[in-house]
Amino acid sequence: MPSKINLILNDFVALFFPNICIGCKGSLPNGMNHICPACQYDLPKTNNYKQEVPHIDQKLAGSIQFSHILAYLHFQKKGIVQHILHELKYNHKEDIGLMIGRWYGHDLLLGGFTNEFDMIIPVPLHSSKQRKRGYNQSEAFAKGLSEVLKAEVCLGLSRVAASETQTRKSRVERLENVKSIFEIVNASEIQGKRVLLVDDVITTGATLLACGNVLIEAGIKELSFAVIAATR
Ligand SMILES: [Zn+2]
């Protein structure tokens, strides 16, 4: 698997040259972190907050009632987005999530999302996984969005079961698998709120769907989704 080797190689290089760009591997200007200005400019944004991107917009259509589904970037295997997500999740780079959240927040703000959400709820990790990683990457993204969009982060969901690996299951099996693994922490703090539910990636949408259903059952007023990246 060349992509895996690439990722390992990246980690190895980063060990000796910590201040290089995740995208082009060039050295970063002073004061810049993780991604250089050129790679930031070239990020494969979906812009689906202002133009239709059917394969993203339709991912959850018909499955659940929601207002917005917002994806910052197109996921491409071996591309910069995969590297960003890898660094964020597996290389202790929590602050990448914060940075990406701020960048996307600014785009959304300019796009007119000035008062769309009352609170931002990250998809939770199972507590054992979060202990191991030290943070929840979706919460980092949520914090960045929150700073710009002025909606508070609420840790309103908990994951009560660790999900098994999803990759070898069919879509139906995956949906079944995630159905009962999320719980509301405190219903009274989310009731009547316009909630932006955030995760790092949307693939099938099964996780967002499961969380969204739990939130709606608990009595939120309106549901929207935001992710760092969406797959094809
Ligand atoms: Zn770069």
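Located above this text is the structure these notes cover.
All values reported here derive from a predicted model rather than from experimental measurement. (Residues numbered from 1 in each chain as written. Predicted model: local features only at pLDDT ≥ 70, side-chain atom pairs only at ≥ 80, totals over all residues. Heavy atoms only, no water.)

Engineer: Can you help me understand the packing of helix 5 (residues 94-110) against helix 7 (residues 137-149) in this one?
Structural biologist: Where helix 5 contacts helix 7, the two axes come as close as 6 Å, and the packing angle between them is 35°. As for how helix 5 packs across helix 7, the hand of that crossing is right-handed. Contacts between helix 5 and helix 7 involve Glu94, Gly97, Leu98, Ile100, Gly101, Arg102, Tyr104, Gly105, His106, Leu108 and Leu109 from the former and Ala140, Phe141, Lys143, Gly144, Leu145, Glu147, Val148 and Leu149 from the latter. Residue classes in the contact of helix 5 with helix 7 are distributed as ten nonpolar, five polar and four charged. (Axes fitted to C-alpha atoms, helices over the stretch in contact; angles between N-to-C directions. Helix = DSSP H or I, 4+ residues; strand = E, 2+ residues; numbered from the N terminus. Left-handed = near helix turned anticlockwise from the far one by under 90°. Contact = heavy atoms within 4.5 Å. Nonpolar A, V, L, I, M, F, W, Y, C, P; charged D, E, K, R; others polar.)

Engineer: Whenever I open this one, the pairing of strand 6 (residues 194-202) confuses me. Can you help?
Structural biologist: On a regular strand, each side chain points to the face opposite its neighbour's, so the side chains alternate between the two faces of the sheet. Along strand 6, eight of the nine residues are buried, which leaves the element largely enclosed by surrounding structure. Bridging between strand 2 (residues 119-122) and strand 6 involves four bridges; their strand directions are parallel. When the bridges of strand 6 are listed, Ile120 appears paired with Leu196. The handedness of the strand 6 to strand 7 (residues 222-230) crossover, carried by helix 10 (residues 206-217), is right-handed. (Buried < 20%, exposed > 50% of the residue type's maximum accessible area, 1.4 Å probe, protein only. Pairing = 2+ DSSP bridges. Right-handed = clockwise from strand over helix to strand, strands pointing away.)

Engineer: Please clarify how the packing of aromatic side chains should be interpreted in this entry.
Structural biologist: Each pair of aromatic rings is reported with the distance of its centres and the angle of its planes. Evaluated as defined, the whole model comprises four aromatic pairs. Each ring, one from Tyr49 and one from Phe113, has its centre 6.4 Å from the other, and the planes form 80°; the classification is edge-to-face. Of the two residues, Tyr49 is situated in the loop between helix 2 (37-41) and helix 3 (54-57) and Phe113 in the loop between helix 5 and strand 2; the sequence distance between them amounts to 64 residues. Like Tyr49, the residue Phe113 is buried in the burial classification. When the centroid spacing of 6.1 Å and the interplanar angle of 20° are considered together, the rings of Phe113 and Phe117 count as stacked. On the accessibility criterion, Phe113 (7% relative accessible area) is buried. By relative accessible area, Phe117 is classed as buried at 7%. Three or more aromatic residues link up through ring pairs in this structure, and these residues are Tyr49, Phe113 and Phe117. (Phe/Tyr/Trp six-rings, centres within 6.5 Å; stacked < 30°, edge-to-face > 60°.)

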